[in-house]
Amino acid sequence: MTPGREGPAAHDLRCHRGRLISVEGISGVGKTHLTGQLLERHTSDGFVVLEEFSQRHHTDDNDLGRDLLRILIAAANGDPFLRSGHPGTETLLLLAIKTFDYENGSATALAQGRTVIEGRSVHSTAVYQSLIVHPDDQSAYQHAQLILDLAARWRPLPDLTILITDDMTAAIRRAETRDGIRYTEQQWQLHRRADALFGRLAADDPQRLTVLDRRRLTNDQLIDQMADHIAAASPRCLAETVNRTTAPARCSQDCQPQHAER
Ligand SMILES: Nc1ncnc2c1ncn2[C@@H]1O[C@H](COP(=O)(O)OP(=O)(O)O)[C@@H](O)[C@H]1O
Ligand SMILES: Cc1cn([C@H]2C[C@H](O)[C@@H](COP(=O)(O)OP(=O)(O)O)O2)c(=O)[nH]c1=O
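The present account deals with the structure reproduced in this document. Keep in mind it's a predicted model, so treat the numbers as computed, not measured. (Residues numbered from 1 in each chain as written. Chains lettered and ligands numbered in written order. Predicted model: local features only at pLDDT ≥ 70, side-chain atom pairs only at ≥ 80, totals over all residues. Heavy atoms only, no water.)

**Looking at the nonpolar core**
Just so we agree on the cut-off: In plain words, nonpolar cores are sets of buried Ala, Val, Leu, Ile, Met, Phe, Trp, Tyr and Cys residues tied together by side-chain atoms within 4.5 Å. Burial classes follow relative accessibility: with a 1.4 Å probe on protein chains only, a residue under 20% of its type's maximum area counts as buried, one over 50% as exposed, and anything between as partly exposed.
Counting 48 residues, the largest nonpolar core has I26, L38, I162, I164, L197, M226 and I230 as its most contacted members. Core analysis: the next-biggest nonpolar cluster, separate from the first, contains 8 residues, L20, L50, Y102 and L110 among them.

Below is the structure:
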């Protein structure tokens with residue numbers, strides 16, 4: 001340690017764990033498709049993919065995260081937005097699932113230096129749960145920040161969130177075709193608000209959230225840019241800061257702080 005200093009300043013901390021990445025965006029935007037193609041092209045990069053939230057990728061594996069998801073889906077009685085009428089309970093269970101993902105799988109993979117990609121992570125919970133609770137967009141936005149802040153107290157936020165965007169109608173129609181369903185007007189409205197709220201959260205935190213717009217990029221460009229952004233992402237050892245409040249740093253188990261190179 002440098003004489004006369006008590007320790008490294010927060011901005012001097014560097015992390016040795018792997019990168020924690022999430023892929024977010026409204027239904028049908030291509031998260032699963034693009035992540036699959038990314039993995040096919042980067043087989044040697046040691047990526048670990050988690051898609052715990054997905055109701056379509058739901059399997060019978062016996063673990064706590066999937067058990068919690070099963071309970072949520074059963075209680076929601078077919079509602080694609082997992083609404084059982086108890087939004088606080090749902091939100092805490094969804095955050096419990098994401099904390100479980102971290103404790104059960106991601107933490108070990110990250111400690112081994114591997115890159116973990118979460119298909120939908122805490123930003124999805126923040127967006128959809130706050131929209132359900134708050135009919136007005138400003139209150140929903142503030143509530144989303146609270147949910148992110150709460151999440152960051154229990155597990156690290158992703159080092160990088162890739163937000164895939166597209167024409168909203170085209171994306172939702174793809175999800176309808178894929179799932180063989182038709183969303184109601186009220187559900188379309190929720191997708192519309194989710195699209196806007198994801199965008200607002202991304203505009204607030206451009207260092208953490210990168211927007212890739214399918215309207216402006218070819219498929220190959222999208223996948224290349226996802227790979228480039230992931231390669232450039234740095235694992236964060238710093239205390240997570242959301243909405244100007246500081247949650248405890250959660251990376252002490254994953255990495256050793258050291259002096260940054262100057
Ligand atoms: N670039 C693409 N080319 C062909 N099909 C695509 C493409 N992107 C998405 N799709 C299809 O559109 C549907 C929605 O994409 P998906 O990746 O499942 O979205 P998400 O995971 O974001 O909900 C799927 O049936 C998928 O196969
Ligand atoms: C994570 C999360 C998802 N959802 C909704 C959004 C999506 O409609 C659905 C997620 O299902 P998923 O299978 O991940 O959808 P997609 O691949 O189409 O993006 O659950 C919530 O309502 N609340 C949440 O906290």
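That was the structure; now back to the text.
**Considerations on helix α7 (residues 185-204)**
As a reminder of what qualifies: Helix and strand assignments come from DSSP, with helices taken as H or I runs of at least 4 residues and strands as E runs of at least 2, each series counted from the N terminus. Expected span of a helix, by definition, is 1.5 Å for each gap between consecutive residues, and there is one gap fewer than residues.
Its 20 residues place the ends of α7 29 Å apart at the C-alpha level, agreeing with the 28 Å of an ideal helix rising 1.5 Å per residue. Within α7, the full set of buried residues consists of Q187, W188, L190, H191, R193, A194, L197, F198, L201 and A202.

**Topic: the site of ligand 1**
Note the cut-off: One heavy atom suffices: a residue is near a molecule or strand as soon as one of its heavy atoms comes within 4 Å of it. Under this definition, polar contacts are N or O atom pairs within 3.5 Å; protein pairs additionally need one hydrogen-donor-capable and one acceptor-capable atom, and for neighbouring residues in sequence, both atoms have to be side-chain atoms. Exposure was quantified through the Shrake-Rupley algorithm and a 1.4 Å probe, taking into account, for residues, occlusion by the shown protein chains and nothing else. Classes in brief: Ala, Val, Leu, Ile, Met, Phe, Trp, Tyr, Cys and Pro nonpolar; Asp, Glu, Lys and Arg charged; the others, Gly included, polar.
The environment of ligand 1 is made up of 13 residues, and the closest members are G28, K31, T32, H33 and R178. T32 is positioned such that a nitrogen or oxygen atom in its side chain is 2.5 Å from an oxygen atom of ligand 1. A distance of 2.7 Å separates an oxygen atom of ligand 1 from a polar atom in the side chain of R178. In the complex, 72% of the free accessible area of ligand 1, which totals 550 Å², lies under the protein chains. Sorting the residues of the shell around ligand 1 by element identifies α1 (31-41) and α6 (168-179) as the ones contributing at least two each. At 3 residues, the largest contribution of residues to the shell around ligand 1 is made by α1. Split into classes, the residues belonging to the shell around ligand 1 amount to 2 nonpolar, 6 polar and 5 charged.

**Section: the pairing of strand β5 (residues 209-213)**
How we decide: Two strands qualify as a pair provided DSSP detects at least 2 bridges between them.
Most of β5 is tucked away: 4 of the 5 residues are buried. In this structure, strand β4 (residues 160-165) lies alongside β5, joined through 5 bridges in parallel fashion. Paired with I164 across the bridge in β5 is L212.

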